[in-house]
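Below are the chains, spelled out letter by letter.
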Amino acid sequence: MRIDCHCDTVMHSRKELLWKNPQCHCDFHRLRQVVDIQFMAVFPYLDKVNGAHSGQAPLLTEELIDRLVEAVALFPEAVGIIRNQEDMLRYQEQQRLGMLISIEGGEALGEDLARLDDYFHLGVRAIGLTWNYENSLAWGCNSDKGLKEGMLLGIHDGVKHFGMAVIERANELGMVVDLAHLSYHGFWRALGVCQKPVLVSHGNCYALCPHVRNLRDEQLKALAEYNGVLGISFVPAFLNEKMEQTIEDILQHIDYGVNVAGIDHIGIGSDFDGVDTLPQGVRDCLFLSYLEEALDKRGYDAEAINKIMGDNVYRVLMANLPERNHL
Ligand SMILES: [Zn+2]
């Protein structure tokens, strides 16, 4: 199974262009060549500068979900929305690209837990509690900015009551809880509360690049202990602090993650279409097949490559998603 657990293509492409859009890093046409399942993020922010406006976030979320669902409906033989475990296997057999709708930021809920059920019925199967900032669920990674390592604990509660309720309901419904973008303290609280294996859909290793979005060694180890997976991303700022980033940097983060968390806990979360620039040598989603070759050259055996390229994330999905449609 080949799975990429994060891309931001939906908000950058008109519905009619989601099939083929050379302006974007991903479109259905190219994704079909490299993955079985693509997480499609729905980002409830108008833009990264102006942030989310509480009143608009749910509306924007629905609009983006509709856009994706309608685009998928235009190509029923080639693409499908993944709603349950059966869909994953069926689509793979039918060689259809599986789309996994994932909300990136709890702002989408406003402060209404019932919205989580609404989104589930619309097809959403993963939810990230925060983007970079504090919201009604939890504190985002920027809440930690500027703080020294030793001071990180105890500055806030990590996850709020509403966030706890969201995690609990997501577990009941069969929705993956995504800890990417969460604050350091929030990571621990959420990990302790969540009853199912979690995903950190896109992020990298702090030891190689000290960015607030990256996971420290103790987080990587805990993620493994709780049977979760980190999707290694291609975001230049998360790879290293130098001016230039290369494919070698991506491979080093994979190596490091595998060494610390173990081969069962590292996946891929590209963040295609979520960044303006990519590392040298990475142009679009077709890079994923090259990455597979590069892992092979680096000495990973077939089983290890399968795990990194999707089987680990597949395990998290199987542990979370409902078996079949019970709607
Ligand atoms: Zn993101």
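Preceding this section is the structure that the text describes.
(A) A look at the side chain of R2. Counting through the fold element by element, R2 comes out in the segment before β1 (3-4). Given the relative accessible area of 16%, R2 is considered buried. A polar contact of 2.8 Å, which involves the side chain of R2, links it to the side chain of E292. Not counting the four nearest positions on each side in its chain, R2 is found in contact with V34, V35, D36, I37, E292, N306, M309 and G310.

(B) Structural view of the coordination of the zinc ion. Summarising the metal site, the zinc ion is bound by the protein donors E104 (OE), H181 (NE2) and H202 (NE2), whose distances to it range over 2.0 to 2.2 Å. For the zinc ion, the donor residues sit on a single chain with the sequence spacing E-x76-H-x20-H. Taken together, the positions of H181 in the loop between β6 (176-178) and α6 (184-193) and H202 in strand β7 (residues 199-203) put the pair 21 residues apart, joining distant regions of the chain.

(C) A negative patch on the surface, seen in detail. Residues E62, E63, D66, D112 and D118 make up a contiguous surface patch of negative charge. Among the elements that take part in the negative patch, helix α2 (residues 57-73) stands out by supplying three residues, more than any other. Position of D112 relative to the elements: it lies in the loop between β4 (97-104) and α4 (114-122).

(D) A look at the pairing of strand β8 (residues 229-232). Burial of β8 is two-sided: the residues V229 and G231 facing one way and the residues L230 and I232 facing the other way are all buried. Pairing geometry for β7 and β8, over three bridges, is parallel. The residue bridging L199 from the neighbouring strand is V229, located in β8. Each parallel crossover has a hand, and for β7 linked through helix α7 (residues 217-225) to β8 it is right-handed. Bridging between β8 and strand β9 (residues 266-268) involves three bridges; their strand directions are parallel. Counted as the bridge partner of L230 is I266 from β9.

(E) Inspection of the packing of aromatic side chains at higher detail. For the coordinates displayed, the defined rule picks out eleven aromatic pairs. Aromatic pair W19 and F28: ring centres 6.5 Å apart, planes at 85 degrees, arrangement edge-to-face. The exposure class assigned to F28 is buried, which follows from its relative accessible area of 1%. An angle of 75 degrees between the planes, with centres 5.8 Å apart, marks the rings of W131 and Y133 as edge-to-face. The exposure class assigned to W131 is buried, which follows from its relative accessible area of 6%. Residue classification places Y133 among the partly exposed positions, given a relative accessible area of 37%. Here the aromatic cluster, defined as three or more aromatic residues joined through ring pairs, consists of F43, Y45, W131 and Y133. Against the face of F120 rests R125, its NZ or CZ located 3.6 Å from the ring centre.

(F) Up close: unusual backbone geometry. Even without glycine at this site, Q95 takes up a positive phi of about 55 degrees. Structurally, Q95 is set in the loop between α3 (85-93) and β4. A relative accessible area of 60% means that Q95 is categorised as exposed. Within the chain, D273 stands out as a residue other than glycine whose phi angle is a positive 65 degrees. As for its position among the elements, D273 is in the loop between β9 and α10 (287-297).

(G) Looking closely at the nonpolar core. Residues F28, L68, M99, F234, I254 and L291 are the most contacted members of the largest nonpolar core, which totals 86 residues. Listed in part, the 18 residues of the second largest apolar core include F39, L100, A126 and L199.

(H) Up close: the pattern of salt bridges. Enumeration according to the criterion identifies 15 salt bridges in this entry. In this structure, the salt-bridge partner of R2 is E292, at a minimum N-O distance of 2.8 Å. Separated by 290 residues along the polypeptide, R2 in the segment before β1 and E292 in helix α10 bring together distant segments of the chain. Since its relative accessible area comes to 24%, E292 is described here as partly exposed. The salt bridge partner of D264 is K307, with a shortest N-O separation of 2.7 Å. In this pair, D264 sits in the loop between α9 (247-261) and β9 while K307 sits in helix α11 (residues 302-320), placing the two residues 43 residues apart along the sequence. Taking relative accessible area as the criterion, K307 reaches 19% and is therefore assigned buried. Sharing partners across several salt bridges, the network here consists of D27, R30 and D284.

Calculation notes
Residues numbered from 1 in each chain as written. Predicted model: local features only at pLDDT ≥ 70, side-chain atom pairs only at ≥ 80, totals over all residues. Heavy atoms only, no water. Helix = DSSP H or I, 4+ residues; strand = E, 2+ residues; numbered from the N terminus. Buried < 20%, exposed > 50% of the residue type's maximum accessible area, 1.4 Å probe, protein only. Polar contact = N/O pair within 3.5 Å; in protein donor to acceptor, adjacent residues only side chain to side chain. Contact = heavy atoms within 4.5 Å. Donors = N, O, S within 2.8 Å, 3.2 Å for Na, K, Ca; no water. Patch = residues over 30% accessible without salt bridge, like charges linked within 9 Å, V, L, I, M, F, W, Y side chains within 5 Å. Areas by Shrake-Rupley, 256 points an atom, 1.4 Å probe, with all protein chains shown as cover. Salt bridge = Lys/Arg side-chain N within 4 Å of Asp/Glu carboxyl O. Lys, Arg positive; Asp, Glu negative; His and termini not counted. Charge placed at Lys NZ, Arg CZ, Asp CG, Glu CD. Pairing = 2+ DSSP bridges. Right-handed = clockwise from strand over helix to strand, strands pointing away. Phe/Tyr/Trp six-rings, centres within 6.5 Å; stacked < 30°, edge-to-face > 60°. Lys NZ or Arg CZ within 6 Å of the ring centre and 35° of its normal. Core = buried A, V, L, I, M, F, W, Y, C linked by side-chain atoms within 4.5 Å.

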